[in-house]
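Each chain is listed here by its residues.
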Amino acid sequence: MKLKAVLTIAGSDSSGGAGIQADIKTMLANDVYAMSAITALTAQNTCGVRSVMNVTPNFLADQLDAIFEDIPPDAVKIGMVSSADLIEVIAEKLTHYHAKNIVVDPVMVATSGAKLIDDDAIKSLTTKLFPPAKIITPNLPELEVLSGEKIFSADDMEICAKKIFDEYHCAILAKGGHGTNDANDLLFDGKNLTWFSGKRIDTKNTHGTGCTLSSAIAANLAKNFSLVDAVSRAKNYVTGALESGLSLGLGNGPLDHGHNLR
């Protein structure tokens, strides 16, 4: 038996709800073989992050070489990378190995609006990793940072998505989950605007939602689904993971990544 293989490049979440751990669980649940290159170690739980330790650029390069030289991935998901030096390594290796189906979750802004990475890293992320990406998956605060515009409506989301595509030439899935009334997402591939409607689920247990969605998209792209179908299937999977009602920890708990396996 041969499974499609997907690589996640992201940080480790010691509580298992986001980052590498969420990505691997998601990929398993979406029927692909998961591999990882870790960018940082974090000490965190459902209540918050206590400390972060980045890996060295040389060690990240070694991880990527080891993977691509042995099991070339059919898709690559990139999560939070907080250092410009690490972003440079990732970009160099993805170009060298002609990586395909690259999904970038541009983790830059917290729900509170606070920046999670510095300006140098944001510049490297947008100039080095966006152009080769098949799709990027910003939430509304990140969409505002990338476009330089404020978003108050669905029309604003469409304008911003088109603006970002014109600059970086990659498809954009603008995630509407940070909106007040719904969880509708917008996909713009340079030609077509596709809306994915979603109901807002009343739960505080949303830790790792963005990681999970981008990993599910990568898994479906690896299995040769179209971009629209990959996003649709991923969104349905995440909805099920939220609806399952898993409740762990004292803070914002994780999704139920294995809901569809039971």
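Residues numbered from 1 in each chain as written. Predicted model: local features only at pLDDT ≥ 70, side-chain atom pairs only at ≥ 80, totals over all residues. Heavy atoms only, no water.

*Asks:* Is there a simple way to explain helix 6 (residues 154-168) in this structure?
*Replies:* For the α-helix, the turn length of 3.6 residues means that residues three or four positions removed from each other point alike. In this model helix 6 runs 21 Å from its N-terminal to its C-terminal C-alpha over 15 residues, within 8% of the 21 Å that 1.5 Å per residue would give. Among all positions in helix 6, only Asp 156, Met 157, Cys 160, Ala 161, Ile 164, Phe 165 and Tyr 168 are buried. Looking straight down helix 6, one finds its buried side chains confined to an arc of 165 degrees; they lie on one side. Away from its buried face, by an angle of more than 90 degrees, helix 6 presents the exposed residues Asp 155, Ile 159 and Asp 166. Elements in contact with the buried residues of helix 6: helix 4 (119-129), strand 6 (135-136), helix 5 (140-147), strand 7 (171-174), strand 8 (185-188) and strand 9 (193-196). Within two residues after helix 6, His 169 carries a phi angle of roughly 60 degrees, on the positive side. (Helix = DSSP H or I, 4+ residues; strand = E, 2+ residues; numbered from the N terminus. Expected span 1.5 Å × (residues − 1). Buried < 20%, exposed > 50% of the residue type's maximum accessible area, 1.4 Å probe, protein only. Arc of directions from axis to C-beta. Contact = heavy atoms within 4.5 Å.)

*Asks:* Looking at this structure, how should I read the pattern of salt bridges?
*Replies:* When their charged atoms lie close together, side chains carrying opposite charge are able to pair. For the structure shown, the criterion picks out nine salt bridges. With a closest N to O distance of 3.9 Å, Asp 74 and Lys 100 form a salt bridge. With Asp 74 in the loop between helix 2 (57-70) and strand 4 (75-78) and Lys 100 in the loop between helix 3 (84-96) and strand 5 (102-104), this residue pair connects regions lying 26 residues apart in the sequence. Between Asp 185 and Lys 235 there is a salt bridge, with the nearest N and O atoms lying 3.0 Å from each other. With Asp 185 in strand 8 and Lys 235 in helix 8 (residues 227-243), this pair connects stretches of sequence that are 50 residues apart. Assigned by exposure class, Asp 185 and Lys 235 land together as buried. (Salt bridge = Lys/Arg side-chain N within 4 Å of Asp/Glu carboxyl O.)

*Asks:* Which parts of the structure should I look at to understand a nonpolar patch on the surface?
*Replies:* Side chains of Met 1, Leu 3, Tyr 33 and Ile 71 sit close together on the surface and give an oily, nonpolar patch of about 450 Å² of accessible area. Mapped onto the fold, Leu 3 is located in the segment before strand 1 (5-13). (Patch = residues over 30% accessible without salt bridge, like charges linked within 9 Å, V, L, I, M, F, W, Y side chains within 5 Å. Areas by Shrake-Rupley, 256 points an atom, 1.4 Å probe, with all protein chains shown as cover.)

*Asks:* Got a minute to help me understand the side chain of Asn 205 in this structure?
*Replies:* Mapped onto the elements of the fold, Asn 205 is located in the loop between strand 9 and helix 7 (209-222). Here Leu 246 takes part through its backbone oxygen, which lies 3.0 Å from a polar atom of the side chain of Asn 205. Polar side-chain contacts of Asn 205 include one of 2.9 Å to the backbone nitrogen of Gly 253. The contact partners of Asn 205, leaving out residues within four places of it in the chain, are Leu 242, Leu 246, Ser 247, Gly 251, Asn 252, Gly 253, Pro 254 and Leu 255. (Polar contact = N/O pair within 3.5 Å; in protein donor to acceptor, adjacent residues only side chain to side chain.)

Function-wise, these values are silent; they only describe arrangement.
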